[in-house]
Amino acid sequence: MITFFVCLALLLIGYATYGAFVEKVFHPDDRETPCTRLEDGIDYTPIAPWRAFLIQLLNIAGLGPIFGALSGAIWGPSVMLWIVFGTIFAGAVHDFLSGMLSMRNDGASISEITGIYLGPAMKTVMRVFSVVLLVMVGVVFMVGPAGLIALLTPDWLNVKFWTIVILIYYFVATLLPIDKVIGKLYPIFGICLIVMAIGIGGATVVNHITGSAPMLEMTLQNLHPAAKPIWPFMFITVACGAISGFHATQSPMIARCLTSEKDGRRIFYGAMVAEGVIALIWAAAGCAFYERTGGLMTGLAEMNGGNSTTVYNMSIGLLGPVGGVLAMIGVIACPITSGDTAFRSARLTIADWFKIDQKDGKKRLLLSAPLLIVGYFISLIDYNVVWRYFSWSNQTLAMIALWAGATYLAKYVSKNASFMAAIPATFMSAVSCTYILMADEGFKLSAGICYPVGIVFAVALFALFLFKCIVNGTTETE
């Protein structure tokens, strides 16, 4: 229990201190924002800061901080270190820069931002990469909640039925103005999310006090039953609970709705810290709830880590039938409120790519319908396969977004300031490269090859950044 509360305190202190430092370095000002200059009543429309925070949190807090954190807990309490320090120094910085750079570039999508700071070749890569990722996110956050709802309803209302129902909702939310569906439903979903987090966290602490399910204290020992290495697998598996490239596709959506840059820290950095808290709660609960044999997380591994059945068992087991159902509603709300905006972001990315005006409802329809149809057919593929490719794609996109942020800071703020993004970008470069070389869905190479190549790849990117942006680059004024 001490480990849990220390980690929780670190997240809050991180927001108050490092978050303030990041804000000071970037220096938000009083310039006119895209939503006031380009207001169209569809995607560019003013939203109150408290509502924008809730939308941002629900956009990014899909199944990642729940399924991902539970899957990461298979390695033991060390997962909490990644959640805490990943959130403070990587994930929240990534989200803040993605949102703020979008505000300073007319609400541009992350692919367009990447092109501005890393060049046209990377813009093309990111356009394709981000659309593919967003569709996969939409699928993951369509099938996942469908499985959860199916556990609470009669057998004839199966996963396929609920997948179609959720798909219909996604179609409506993707097509209509942001303040018509998303803006009105999210405060309700936000309450469900808060109830879920408080309920699961509180029950876990109570069970520790009563001795029925003691919480694990910190150990760096690898508790994975199959001895799968922590590096790089845990860093890819947890994803959204520490850093997520998906968030870079969501932050520009809210960047189009803020009336002041000075709200950026509370909304972008703050929402990521809030997601870190959610991930921390589920990771701690997973470590405590499942039976351990020989010091290994066998019970959690047998339940396949983060999946619908695991979440259902934990919710009912910790909170009883009524509380469990309430927790499940919160869990279901998380992915649904990320899936709808994933497809919406895919529409906006393609619209930015081909300069398609989104005021015209027919044009929005022509972009939205194919994306959702493709998403449905991908949903028929094995869920675990889609999740693995999503996780790697997610972290690779985060790596690219951080390099774009580092380049901006080196060019327009100061060379020293750029290391705020360059260091986590280097770290994520090593993680992503090592994982795809080693993983079953990758090249399946030996650790003796993967680790050195991953490190060399990351060092090479860092050296290239130093040469182009630090040694030869000059600081300019925007």
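Within any chain, residue numbers begin from 1 and follow the written order of that chain's sequence. Local features in this predicted model are restricted to residues of pLDDT 70 or higher, and side-chain atom pairs are both shown and tallied only at a pLDDT of 80 or more, whereas totals for entire chains, interfaces and linings draw on every residue. Derived side-chain values reflect all non-hydrogen atoms in the structure, with water molecules and hydrogen atoms excluded from consideration.

(A) Expanded view of the overall build of the chain. Secondary structure assignment for the chain yields 18 helices and zero strands. Taken over the C-alpha trace, the chain has a radius of gyration of 21 Å; the compact-globule value for 478 residues is 23 Å, and the two agree within 12%. Across the 478 residues of the chain, 61% fall into the buried class. When checking whether two residues touch, look at their non-hydrogen atoms; a contact exists if any pair is within 4.5 Å. For the chain, restricting intrachain contacts to residue pairs at least 6 apart in sequence, the fraction spanning at least 24 positions comes to 84%. Per-residue and other accessible areas follow the Shrake-Rupley method at a 1.4 Å probe size, with only the shown protein chains counted as cover for residues. Carbon and sulfur atoms make up 70% of the accessible area of the chain, which amounts to about 17,500 Å² in all. Only four residue types enter the tally: Lys and Arg on the positive side, Asp and Glu on the negative side; His and the chain ends are excluded. Just so you know, the charge point we use is NZ for Lys, CZ for Arg, CG for Asp and CD for Glu. A distance of 4 Å separates the average location of the 28 positive side-chain charges in the chain from that of its 27 negative side-chain charges. Secondary structure is summarised from DSSP: a helix means a run of H or I of at least four residues, a strand means a run of E of at least two, and numbering begins at the N terminus for each. Restricting the calculation to C-alpha atoms gives the radius of gyration, and the globule rule supplies 2.2 Å times the number of residues raised to the power 0.38. In this scheme, a residue with accessible area under 20% of its type's maximum is buried, one over 50% is exposed, and one in between is partly exposed, where area comes from a 1.4 Å probe on protein chains only.

(B) Highlighting the environment of Leu-372. Inspection of the secondary structure assignment puts Leu-372 in helix H15 (residues 361-378). With 337 residues separating them along the chain, Leu-372 and Cys-35 place their C-alpha atoms 27 Å apart. Those residues in contact with Leu-372, other than ones at most four positions away along the chain, are Leu-167, Tyr-170, Phe-171 and Phe-343.

(C) Here's a closer look at the packing of aromatic side chains. Ring pairs are drawn from Phe, Tyr and Trp, using the six-membered ring of Trp, whenever the two centres fall within 6.5 Å, and their geometry is named by plane angle: stacked under 30 degrees, edge-to-face over 60, tilted for the rest. The full count for this structure, using the stated rule, is 26 aromatic pairs. Geometrically, the ring pair formed by Trp-82 and Phe-235 is edge-to-face, given 4.8 Å between the ring centres and 65° between the ring planes. Taken together, the residues span a long stretch of sequence, with Trp-82 in helix H5 (residues 78-103) and Phe-235 in helix H10 (residues 230-238) at a distance of 153 residues. For the pair shown, Trp-82 and Phe-235 are each scored as buried. Centre to centre, the rings of Trp-82 and Phe-427 are 5.7 Å apart; their planes meet at 40°, and the pair counts as tilted. Taken together, the positions of Trp-82 in helix H5 and Phe-427 in helix H17 (residues 419-438) put the pair 345 residues apart, joining distant regions of the chain. The exposure class of Trp-82 is buried, given its relative accessible area of 8%. Using a relative accessible area of 33% as the deciding quantity, one classes Phe-427 as partly exposed.

(D) Focus on the packing of helix H7 (residues 120-152) against helix H14 (residues 308-354). Only the stretch in contact is used when a helix axis is fitted, and all axes are lines through C-alpha atoms; the angle between N-to-C directions ranges over 0 to 180 degrees. Orientation of H7 relative to H14, taken along the N-to-C sense of each, is 155°, at an axis distance of 7 Å. Classified by the interaxial angle, the pair formed by H7 and H14 is roughly antiparallel. Regarding H7 and H14, the two cross each other, and that crossing is left-handed. The nonpolar class holds Ala, Val, Leu, Ile, Met, Phe, Trp, Tyr, Cys and Pro. Asp, Glu, Lys and Arg form the charged class, and all remaining residues, Gly among them, are polar. For the contact of H7 with H14, the per-class residue count stands at 25 nonpolar, ten polar and two charged. By the definition adopted for this analysis, an angle is roughly parallel if under 35 degrees, roughly antiparallel if over 145, roughly perpendicular if from 65 to 115, and oblique otherwise. Each helix crossing is assigned a hand: it is left-handed if the near helix lies turned anticlockwise from the far helix by less than a right angle, otherwise right-handed if that turn is clockwise.

(E) Structural detail: the packing of helix H9 (residues 182-210) against helix H12 (residues 264-289). At their nearest, the axes of H9 and H12 sit 9 Å apart, and the two run at 35° to each other. The chirality of how H9 crosses H12 is left-handed. Every residue of H12 that contacts H9 at Leu-193, Met-196, Ala-197, Ile-200, Gly-201 and Thr-204 is listed here: Ile-278, Ile-281, Trp-282, Ala-284, Ala-285 and Ala-288. Across the contact of H9 with H12, the residue classes tally to ten nonpolar, two polar and no charged.

(F) Fine view of empty space enclosed by the protein. Cavities and pockets were defined on a 1 Å grid built over protein atoms only: a cavity is a set of grid points that admits a 1.4 Å probe from which the probe cannot escape, a pocket is an open set flanked by protein on both sides within 12 Å along at least five of seven lines, and lining residues are those with an atom within 4 Å of any such point. Grid points are joined across faces, edges and corners, and a volume is the space filled by probe spheres set on the points. Counted according to the given criterion, the structure contains three cavities of 30 Å³ or more. There is about 60 Å³ of room inside the largest cavity. Lining the largest cavity are Ser-109, Ile-110, Thr-249, Pro-252, Met-253, Arg-256, Ser-345, Leu-348 and Thr-349. Residue assignment for the lining of the largest cavity shows that the elements contributing at least two residues are helix H11 (246-255) and H14. Met-1, Thr-3, Phe-4, Met-80, Met-215, Leu-216, Ala-284 and Cys-287 are the residues that line the second largest cavity. Broken down by secondary-structure element, the contributors of at least two residues to the lining of the second largest cavity are helix H1 (2-26) and H12. Broken down by class, the residue content of the lining of the second largest cavity amounts to seven nonpolar, one polar and no charged.

(G) Region of interest: the nonpolar core. Among the buried residues, those of types Ala, Val, Leu, Ile, Met, Phe, Trp, Tyr and Cys that are joined through side-chain atoms within 4.5 Å form a nonpolar core. In terms of nonpolar packing, the biggest core is built from 160 residues, with Ile-66, Tyr-170, Met-196, Phe-268, Tyr-269, Trp-282 and Val-311 touching the most fellow members. At 17 residues, the largest contribution of residues to this core is made by H12. Residue contacts for Tyr-269: discarding those within four places in its chain leaves Gly-14, Tyr-15, Tyr-18, Gly-19, Val-22, Ile-88, Ala-92, Val-93, Phe-96 and Gly-264.

(H) Spatial organisation of H9. Here H9 contains 29 residues, and its C-alpha end-to-end distance of 41 Å stays within 8% of the 42 Å for a straight helix at 1.5 Å per residue. Following H9 by one or two positions, Gly-211 adopts a phi angle in the positive range, close to 85°. One fewer than the residue count of a helix, multiplied by 1.5 Å, yields its expected span.

(I) Quick look at the pattern of salt bridges. Basic side-chain nitrogens of Lys or Arg form a salt bridge, by our definition, when they fall within 4 Å of a carboxyl oxygen of Asp or Glu. For the coordinates displayed, the defined rule picks out twelve salt bridges. Between Arg-31 and Glu-261 there is a salt bridge, and its shortest N-O distance comes to 3.6 Å. Placement of the pair is Arg-31 in the loop between H1 and helix H2 (34-37) and Glu-261 in the loop between H11 and H12, with a sequence separation of 230 residues. For Arg-31, a relative accessible area of 33% translates into the label partly exposed. Under the relative-accessibility criterion, Glu-261 is labelled buried at 1%. Between Arg-266 and Asp-263 there is a salt bridge; the shortest N-O distance is 2.2 Å. Arg-266 gets classed as partly exposed once you look at its relative accessible area, which sits at 47%. One salt-bridge network, held together by shared partners, links Asp-29, Arg-31, Arg-104 and Glu-261.

(J) Spotlight on a nonpolar patch on the surface. Patch rule: a residue counts if its relative accessible area is over 30% and it has no salt bridge; like charges are joined within 9 Å, and nonpolar side chains (Val, Leu, Ile, Met, Phe, Trp, Tyr) within 5 Å. On the surface, Ile-2, Val-6, Leu-10, Leu-81, Phe-85, Phe-89, Met-218 and Leu-220 cluster together into a nonpolar patch covering about 700 Å² of accessible area. Those elements that provide at least two residues to the nonpolar patch are H1 and H5. Relative to the assigned elements, Phe-85 resides in helix H5. Residue classification places Phe-85 among the partly exposed positions, given a relative accessible area of 40%.

(K) Representation of the environment of Val-25. As for its position among the elements, Val-25 is in helix H1. For the pair Val-25 and Leu-148, spaced 123 residues apart in sequence, the C-alpha separation works out to 42 Å. Apart from the residues within four sequence positions on either side, Val-25 is in contact with Val-413, Ala-417 and Met-420.

(L) Looking closely at H10. With eight of its nine residues buried, H10 lies for the most part within the structure. Of all the positions in H10, only Ile-230, Pro-232, Phe-233, Met-234, Phe-235, Ile-236, Thr-237 and Val-238 are classed as buried. A positive backbone phi angle near 45° is found at Ala-239, which sits one or two residues after H10.

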